[in-house]
Amino acid sequence: MEHFHAYRWVGQRVILDKEDGMRRTPIDLTDFAVKNSPFPPFRMCDYLLKAPGQICKTTASVEEAADWLAEQFDELAPSIAHPGRLEPDPRTSLLEEAVKYLSHADSVCRGYWLNGERYAVLAVVHCPDFHVPDYPCPAR
């Protein structure tokens, strides 16, 4: 049964860049440090290889997934650095993109620069992922 897993990462961008090797494909599942790394992977489908404890929320509907993204965006919004550089209404843009992609069995991810040189990544991954249908559900 199709569903969605939501992920969030917030931290110093310099640390994310230093941990580049933990994010590259293919992820080595035999390496405990890689599978449990909190850093977002480069490919969306590789989120499904992460440890189950990294899932922030699992939903059965596009609407629930979009609601989670809206909540996360609202929480991050006061900390977004240079909000004027984003599209005119970044929240609406995020939610429209999420509904569009998630409704077609795809995934969605957005990154935001935050004050203090921090970076945030919000991702909702369709499970199973049509790019790699043999990836197991991380929640099972």
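Reference entry: report on the structure contained in this document. Quick caveat: nothing in here was measured; it's all calculated off a predicted structure. (Residues numbered from 1 in each chain as written. Predicted model: local features only at pLDDT ≥ 70, side-chain atom pairs only at ≥ 80, totals over all residues. Heavy atoms only, no water.)

With respect to burial, strand S4 (residues 118-127) is a largely interior element, 9 of its 10 residues being buried. Linkage of strand S3 (residues 108-114) to S4, two consecutive antiparallel strands, is achieved through a turn of 3 residues, within which Gly-116 is found at a positive phi near 75 degrees. (Buried < 20%, exposed > 50% of the residue type's maximum accessible area, 1.4 Å probe, protein only. Helix = DSSP H or I, 4+ residues; strand = E, 2+ residues; numbered from the N terminus. Pairing = 2+ DSSP bridges.)

Moving on, we get to helix H5 (residues 90-102). End to end, H5 covers 18 Å across 13 residues, agreeing with the expected 18 Å (1.5 Å per residue, within 8%). Residues of H5 that are buried include every one of Pro-90, Leu-94, Leu-95, Ala-98 and Leu-102, and no others. The arc that holds the buried residues of H5, viewed along the axis, is 130 degrees, so those residues lie on one side. In this structure, the buried side of H5 is in contact with strand S1 (3-12), helix H4 (62-76), S3 and S4. (Expected span 1.5 Å × (residues − 1). Arc of directions from axis to C-beta. Contact = heavy atoms within 4.5 Å.)

Now for the packing of H4 against H5. Viewed as axis vectors pointing N to C, H4 and H5 meet at an angle of 155 degrees, and their least axial separation amounts to 10 Å. By the angle between their axes, H4 is roughly antiparallel relative to H5. Along this stretch, H4 crosses H5, giving a crossing that reads as right-handed. In contact with Val-62, Ala-65, Ala-66, Leu-69, Ala-70, Phe-73 and Asp-74 of H4, H5 contributes Pro-90, Arg-91, Leu-94, Leu-95, Ala-98, Val-99 and Leu-102. (Axes fitted to C-alpha atoms, helices over the stretch in contact; angles between N-to-C directions. Parallel < 35°, antiparallel > 145°, perpendicular 65-115°, else oblique. Left-handed = near helix turned anticlockwise from the far one by under 90°.)

Turning next to the nonpolar core. Core analysis: the biggest nonpolar cluster contains 21 residues, and Leu-69, Leu-102, Tyr-112 and Val-124 have the highest contact counts within it. Listed by contribution, the elements that provide at least two residues to this core are S1, H4, H5, S3 and S4. In terms of residue count, the dominant contributor to this core is H4 (8 residues). Excluding residues that lie within four positions of it along the chain, Val-124 makes contacts with Phe-4, His-5, Ala-6, Met-44, Ala-65, Trp-68, Leu-69, Leu-102, Ser-107 and Val-108. Ranked by size, the runner-up nonpolar core spans 17 residues in total, among them Phe-39, Leu-48, Ile-55 and Cys-127. (Core = buried A, V, L, I, M, F, W, Y, C linked by side-chain atoms within 4.5 Å.)

Attention shifts here to the pairing of S1. Strand residues, when the strand is regular, have side chains that alternate between the two faces of the sheet. Within S1, 7 of the 10 residues are buried, which leaves the element mostly enclosed by the surrounding structure. Sheet analysis places S1 next to S4, joined by 10 bridges and oriented antiparallel. In the strand pairing of S4, Tyr-7 is matched with Ala-123. Both S1 and strand S2 (residues 57-59) contribute to a ladder of 3 bridges, which runs antiparallel. Paired with Phe-4 across the bridge in S2 is Thr-59.

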